[in-house]
Amino acid sequence: MFWRLLITLVLASAECRTYEESCYGGVALLQSSAKEVRSSGQALKKNQAPWSDFGGLIRWTDVDNLVQRIDPAPATTTSSSLLVRVLVSTAVLVVSASLLAPFLFLLLAAGGTIAQALGWPLSSGKSNVASAAKVPDSTATVGLLPPRAKVSWPWLVTSICLVDVLLNVVFILLLLRRQEGVLESPHALLSLVMETLVGSMFFLLFARWDDQRHIITAWQVLQSIRFFLIRRTIYLNPGVFIVSMLLLLLVSSVGVVAELFVDNEVRVPPYEPKKMDFDRPAFGWLGPYADWVQSKYLRWLITAFFCVADQMVWACFLYMCTSRPEEDMEQVSDDTFKQLVRAAMLLQMVALFPFCFTHLHATYVLVKQWCDQETLLRAYRTGPYDVPMLEDELTRESVLKTRLQTHKCRSITVVVPAYMPNEEDIVLECLDAYRREEAKYPGIMRVMLVWNSPQEHTWIEQQLEELQESWPAFSVHRNHMSTSKCDNLNMAISLLETDFALFNDVDTMVSAASMCRASLHLFEENHSAVQSYLVHCWEDFSGIQEAGCFPFGAVVTGHDGVLPSLNESVYGHMQLPFCNGRGSFWRSDAIKMIGFDHRTIAEDHDAMFRAKAYYGFTGVSDINILCQEREPPDFGNVISQRTRWMNGQMQKLRALSWAVRSQHMSPFLKIYLVYMEWISRPFQGFPFILAQWAGIWVMKARATEVNPLIAVNIFEVEVKWPVFALVIYVIPLASRYAASLLASRYRPRWLGWIMSSLLVPLIYNPVRETLVRFRMLHDFLWSSKLEFVCTTRDKTPSHSPSMSPSSSFFRGPSSAKLGEQSD
């Protein structure tokens, strides 16, 4: 059925017509109805088309003849006009956000400065949730609400659901035989509305993902296709339009409830080694149906189909770029359209509220981080194994050193997991950096290396044994049962004897000062986890990698350094024990209760969700706790790493099922997480995406006194954007971009603006949304047993343009233990 919808969209986009009466060049603000709409209305009156009492529903008795009279000489269709429309429409969004971001940057900076001067609580110095933090208790039980009860007759529910799906298929096939799927009878439209309402309630109450599974997904997709096909009839009545939009949101919630209220097995330590986990689920999202397809070529073909379906939002954008939204409104009178556009604006605010709220919330959090931010020395000019240092850490009377006078830094273990075939060449440099930091830490600091390998590494083992003898704080362990990073981490957790631990990768550098800050958060504010803020070295900034010049690596660094994901921006502020896999601090008693589960390749985020959902543990992200990580050294490793990350995002579905059942999380936080982590999933997100775009289609169709349009004319092709939709979309997006640029450690900022405005949208995002997403979808559909493919470590010698930390400048006050006064 989706292919029929896709063909409909393609045919619709192929009918783009240029407007002969439009003004050439520039941007115009239209305040009156378009000429073609007025002429259409006159043609309708001329033909005396009958209108019923049901909201002005027209009976299409002779559609072909009517269309010929309205437009006797249609303009020639060209594919280039569609391309221009898409490019110009995209440019309107990108350029609007890019040009608005610098002004919002100045506004946010000025506002943050004024707020600090007035003493407003933007810069607090410490977490404001200390009173709500929960100290880990090893005797605590998992706090989850009971799962949904099973239905007594699942076969009967399945039969009813199948009948509903089949009836929808038949109805859609009948609609496709009609011109534009227009309904002649108002009673038919009312029947469809009631069927959607009754079907939604039935699926909500009785359908279960374990039993009906993709029957639910098929029903959601068919409801979306059905709405699209009868959209012209729905537009005739504002009341029916409002009800239809709300029903789309209800249909979307059916998938949320079905898939997120699954009774997934609770996962707590101890975990068996990954290779001994024989009960691990073997199927991907397709479930047991995946066994029906054994040909790898057919599997890739099915993945390609899903990949096309996954781009539903772009299909809606493509449809907006055509002239079809205007044509959909040809039969709507001016008075009805005025009511319809007001309803569309209201519904657009409802549908885009989660988008606007999350971006504006992220803006607030990022501005708050900027207010707390201390100056980073040699930002993005350090070497690969230099620790990032703040200017405040070098002064004698710094805020940090003042706080450390009354705080005894707890004992810490730096846990470094390693896969030796991948990291043998750099592990000694990593350990040497932490040996220098161990001398600065004003407490007990230990370093634990846990490694695995299918091979023998005689030379490095000998070097590690010698280092262990000469450095009492260092211990090394080889995990012969390990086939994953999780196995190494869990072995390290079982050996922990200190109060808290830092979990790092081999190429991740964290300073002793950051460890002191983490101790303050964990034991003065009673949090369970602290996440560092990621920065990068000169080699990644400049794109100088082992293989030579790597410009795409510089773009990736710009994206990671300037545009953190929404969850990275807000999760720490929302008391979630945010864990990013490296630079993550955990209290030992908390991580022993959580552990790292090898059944997901996003073991870091999985641990975060389980800690909050099971026990209510809290965490914090601190802009002044820094860790320096490395980017992949070549394009292939970038794709592999980002595919693994995106696979991990999709695997968080299991963690979300625990979150929605948690007794420790508020309803608001649960809704927030569902929107952030679930709504963009393929197929299930169709109804929600349509609800977001239908209002834009309506507003684009015609200009009124309350609905001005921005018209851009390029090469005699006119592109129109509703001002209202553009404002509520661009302003939140631009504000988050501006706040990200404000809080970013990336320097210079003007280059960061160029990266985030031009290079990332044009270079990085297309790669991520095509190659990475395609590979992710293939893994997601067919298997849950995804292998953790290690990212090749870059071995480039340091080319940093600034001084080395071994110089006398950095051997100054920082060489003494933090918290002690130097003579």
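Owing to the predicted nature of the structure, the values given are computational and were not obtained by experimental measurement.

Visitor: Any chance you could explain the overall build of the protein chain here in plain terms?
Guide: Counting secondary structure elements, the protein chain contains 30 helices and 13 strands. Looking at the protein chain as a whole, 59% of its 823 residues qualify as buried. Within the protein chain, contacts between residues at least 6 apart in sequence are counted, and of these 85% link residues at least 24 apart. Entry remark: accessible area of the protein chain is about 33,500 Å², with carbon and sulfur atoms responsible for 62%.

Visitor: Looking at this model, I keep getting lost on the confidence of the model for the protein chain. Mind explaining?
Guide: Overall, the predicted model of the protein chain reaches an average pLDDT of 82, with 85% of residues at or above 70. Taken as a whole, residues 1–77 scores under 50 in pLDDT and shows 142 contacts with residues more than four places along the chain or in a different chain. In this model, residues 127–131 is a region of pLDDT below 50 whose contacts with residues beyond four sequence positions or in other chains number six contacts.

Visitor: Help me understand the nonpolar core in this model?
Guide: Where a protein is soluble and globular, its nonpolar side chains tend to be buried together. If you look at the biggest cluster of nonpolar residues, it comprises 127 residues, and the most contacted ones within it are Phe241, Trp697 and Trp721. The residues touching phenylalanine 241, leaving out its near neighbours within four places in the chain, are Ile234, Tyr235, Leu340, Ala343, Ala344, Leu347, Ala694 and Val698. Core analysis: the second largest hydrophobic core is formed by 58 residues, Leu496, Phe578, Tyr614 and Ala655 among them.

Visitor: Would you mind showing me how to read the packing of aromatic side chains here?
Guide: What describes a pair of aromatic rings is the distance from one ring centre to the other and the angle between the planes of the rings. All told, the structure shown has 38 aromatic pairs when counted by the stated rule. Their ring planes at 75° and their centres at 6.0 Å tell us that tyrosine 571 and phenylalanine 578 sit as a pair that is edge-to-face. Geometrically, the ring pair formed by tyrosine 614 and tryptophan 658 is edge-to-face, given 5.4 Å between the ring centres and 65° between the ring planes. Remark: tryptophan 658 occurs in helix 26 (residues 653–659) and tyrosine 614 occurs in helix 24 (residues 603–615); sequence separation between them is 44 residues. Relative accessible area serves as the criterion here: at 0%, tryptophan 658 is assigned to the buried category. Joined through ring pairs, the aromatic side chains of Trp209, Trp285, Phe305, Phe306 and Phe780 make up one cluster. A cation over a ring is seen here: arginine 381 above phenylalanine 541, with NZ or CZ 4.4 Å from the ring centre.

Visitor: What exactly am I supposed to notice about helix 10 (residues 296–310) here?
Guide: The periodicity of an α-helix, 3.6 residues per turn, causes residues three or four places apart in sequence to face the same way. Under the 1.5 Å per step criterion, the end-to-end length of helix 10 is 20 Å for 15 residues, consistent within 8% with the ideal 21 Å. Of the residues making up helix 10, those classed as buried are Arg299, Thr303, Phe306, Cys307, Ala309 and Asp310. Down the axis of helix 10, the buried side of the element spans an arc of 160°, and every buried residue falls inside it. Projecting away from the buried face of helix 10 at angles above 90 degrees are the exposed residues Tyr297 and Leu301.

Visitor: Sorry, what's going on with the UniProt feature "transmembrane region" (unreviewed entry) in the protein chain here?
Guide: The feature "transmembrane region" (unreviewed entry), as given by UniProt, occupies residues 82–108, 155–176, 188–207, 234–258, 297–322, 343–367, 721–738 and 750–767 in the numbering adopted here. Here residues 82–108 is 100% helix and 0% strand, with 38 Å between the C-alpha atoms at its ends. Across residues 343–367, helical content stands at 100% and strand content at 0%; the span's end C-alpha atoms are separated by 34 Å.

Visitor: I keep staring at the packing of helix 9 (residues 238–260) against helix 13 (residues 334–372) and nothing clicks. Help me out?
Guide: For any two helices packed against each other, one specifies the inter-axial angle together with the distance between the axes. Between helix 9 and helix 13, the shortest axis-to-axis distance is 9 Å and the interhelical angle comes to 20°. Classified by the angle their axes make, helix 9 and helix 13 are roughly parallel. The element helix 9 and its partner helix 13 pack so that their crossing is right-handed. Here Pro238, Phe241, Ile242, Met245, Leu246 and Leu249 of helix 9 come into contact with helix 13, specifically with Thr336, Gln339, Leu340, Ala343, Ala344, Leu347 and Val350.

Visitor: Please clarify how a nonpolar patch on the surface should be interpreted in this entry.
Guide: Residues Leu190, Met194, Leu197, Val198, Met201, Leu205 and Phe206 make up a contiguous nonpolar surface patch of roughly 620 Å² in combined accessible area. Here methionine 201 is to be found in helix 6 (residues 186–206). By relative accessible area, which is 38% here, methionine 201 ends up partly exposed.

Visitor: Honestly, the pattern of salt bridges in this entry has me stumped. Any pointers?
Guide: Opposite charge on two side chains lets them pair, provided their charged atoms get close. What the rule picks out here adds up to 34 salt bridges. In this structure, aspartate 606 and arginine 654 form a salt bridge, with 3.1 Å as the shortest nitrogen-oxygen distance. You can see aspartate 606 sitting in helix 24 and its partner arginine 654 sitting in helix 26, a full 48 residues away along the chain. Given a relative accessible area of 17%, arginine 654 falls into the buried group. Salt bridges linked by common partners bring Arg267, Asp597, Asp606, Arg610 and Arg654 together as one network.

Visitor: Looking at this structure, I do not really get the sheet that holds strand 4 (residues 474–478). What am I missing?
Guide: In a beta sheet, neighbouring strands are held together by backbone hydrogen bonds and run either parallel or antiparallel to one another. Spatial strand order, 4-3-2-5-10-7-11-6: eight strands in an open sheet with mixed pairing. The outermost strands of the open sheet, each flanked by one partner alone, are strand 4 and strand 6 (509–510). Here strand 2 (residues 412–419) pairs with strand 3 (residues 445–452) via eight bridges, running parallel. Bridge pairing in strand 3 places threonine 413 opposite arginine 446.

Visitor: Mind showing me how you'd approach empty space enclosed by the protein here?
Guide: Evaluation of the coordinates by the stated rule reveals eight cavities of 30 Å³ or more. In this structure, the largest cavity occupies an estimated 150 Å³ of space. Along the walls of the largest cavity sit 13 residues, with Thr196, Gln223, Arg226, Phe227 and Ser244 positioned nearest its centre. Broken down by secondary-structure element, the contributors of at least two residues to the lining of the largest cavity are helix 6, helix 7 (214–229) and helix 9. A per-class count over the lining of the largest cavity returns nine nonpolar, three polar and one charged.

Visitor: Is there a simple way to think about the packing of helix 5 (residues 154–176) against helix 6 in this case?
Guide: For the pair helix 5 and helix 6, the least separation of the axes is 11 Å and the interaxial angle reads 150°. Here helix 5 lies roughly antiparallel to helix 6, going by the angle between them. Note that helix 5 runs across helix 6; the crossing there is left-handed. Across the interface between the two elements, Val157, Ile160, Cys161, Asp164, Asn168 and Phe171 from helix 5 touch Leu192, Glu195, Gly199, Phe202, Phe203 and Phe206 from helix 6.

What counts as what
- Residues numbered from 1 in each chain as written.
- Predicted model: local features only at pLDDT ≥ 70, side-chain atom pairs only at ≥ 80, totals over all residues.
- Heavy atoms only, no water.
- Helix = DSSP H or I, 4+ residues; strand = E, 2+ residues; numbered from the N terminus.
- Buried < 20%, exposed > 50% of the residue type's maximum accessible area, 1.4 Å probe, protein only.
- Contact = heavy atoms within 4.5 Å.
- Areas by Shrake-Rupley, 256 points an atom, 1.4 Å probe, with all protein chains shown as cover.
- pLDDT = per-residue confidence, 0-100.
- Core = buried A, V, L, I, M, F, W, Y, C linked by side-chain atoms within 4.5 Å.
- Phe/Tyr/Trp six-rings, centres within 6.5 Å; stacked < 30°, edge-to-face > 60°.
- Lys NZ or Arg CZ within 6 Å of the ring centre and 35° of its normal.
- Expected span 1.5 Å × (residues − 1).
- Arc of directions from axis to C-beta.
- UniProt positions renumbered as here; feature names shortened; annotations may be inferred.
- Axes fitted to C-alpha atoms, helices over the stretch in contact; angles between N-to-C directions.
- Parallel < 35°, antiparallel > 145°, perpendicular 65-115°, else oblique.
- Left-handed = near helix turned anticlockwise from the far one by under 90°.
- Patch = residues over 30% accessible without salt bridge, like charges linked within 9 Å, V, L, I, M, F, W, Y side chains within 5 Å.
- Salt bridge = Lys/Arg side-chain N within 4 Å of Asp/Glu carboxyl O.
- Pairing = 2+ DSSP bridges.
- 1 Å grid on protein atoms, 1.4 Å probe; cavity = no way out; pocket = protein on both sides within 12 Å on 5 of 7 lines; lining within 4 Å.
- Points joined across faces, edges and corners; volume = space filled by probe spheres on them.
- Nonpolar A, V, L, I, M, F, W, Y, C, P; charged D, E, K, R; others polar.

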